[in-house]
Amino acid sequence: MSDPTPAPAVPASDEAREHLSRTDADLARITEDLIDILIARGVIQFTDFPASVQAKLLQRRASRAALSRRLQLLDDDQSVI
């Protein structure tokens, strides 16, 4: 069975490294979302991950929540002006 989606053109060596660096954050976010979906559906349990991975996931969730709260405060302040 072949993948119907053609692979995008691969840039030259230095460009390929730069492209990978730029897309790492996107892929990390996709992976985090996938983990959350699998946990929510009961496919995996948070405790299935090693303690070091659990700590990293919790740190990312806390950082994202703090950033979200800050952005909401900015949105609220902007409507007053």
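Small disclaimer: the values here were computed from a predicted structure and weren't measured.

A. Highlighting the pattern of salt bridges. One pass over the structure, following the stated rule, counts six salt bridges. One salt bridge connects Glu 32 with Arg 64, and the closest N-O pair in it is separated by 1.9 Å. One end of the pair, Glu 32, is in helix α1 (residues 13–40); the other, Arg 64, is in helix α2 (residues 51–80), with 32 residues separating them in the sequence. The shortest N-O distance in the salt bridge between Arg 61 and Asp 36 comes to 2.5 Å. Of this pair, Arg 61 sits in helix α2 while Asp 36 is found in helix α1, placing the two residues 25 residues apart along the sequence. Of the residues examined, Asp 36 reaches a relative accessible area of 29% and is grouped as partly exposed. Salt bridges sharing common partners tie together Glu 32, Arg 60 and Arg 64.

B. Representation of α1 within the structure. Helix length check: α1, at 28 residues, gives a terminal C-alpha distance of 39 Å against a target of 40 Å (1.5 Å per residue), a fit within 8%. By the largest-angle criterion, Thr 23 marks the main kink of α1, which is about 35°. Among all positions of α1, only Ala 16, Glu 32 and Ile 35 are buried. Backbone geometry just after α1 places Gly 42 at a positive phi near 80°.

C. Fine view of the side chain of Gln 54. Within the fold, Gln 54 resides in helix α2. In this structure Gln 54 touches Phe 46, Thr 47 and Phe 49, once residues within four positions along its chain are discounted.

Quick notes on the rules
Residues numbered from 1 in each chain as written. Predicted model: local features only at pLDDT ≥ 70, side-chain atom pairs only at ≥ 80, totals over all residues. Heavy atoms only, no water. Salt bridge = Lys/Arg side-chain N within 4 Å of Asp/Glu carboxyl O. Helix = DSSP H or I, 4+ residues; strand = E, 2+ residues; numbered from the N terminus. Buried < 20%, exposed > 50% of the residue type's maximum accessible area, 1.4 Å probe, protein only. Expected span 1.5 Å × (residues − 1). Bend = angle between axes of the 7 residues up to and from the residue. Contact = heavy atoms within 4.5 Å.

Everything listed here is a matter of coordinates, which is why it stays silent on function.
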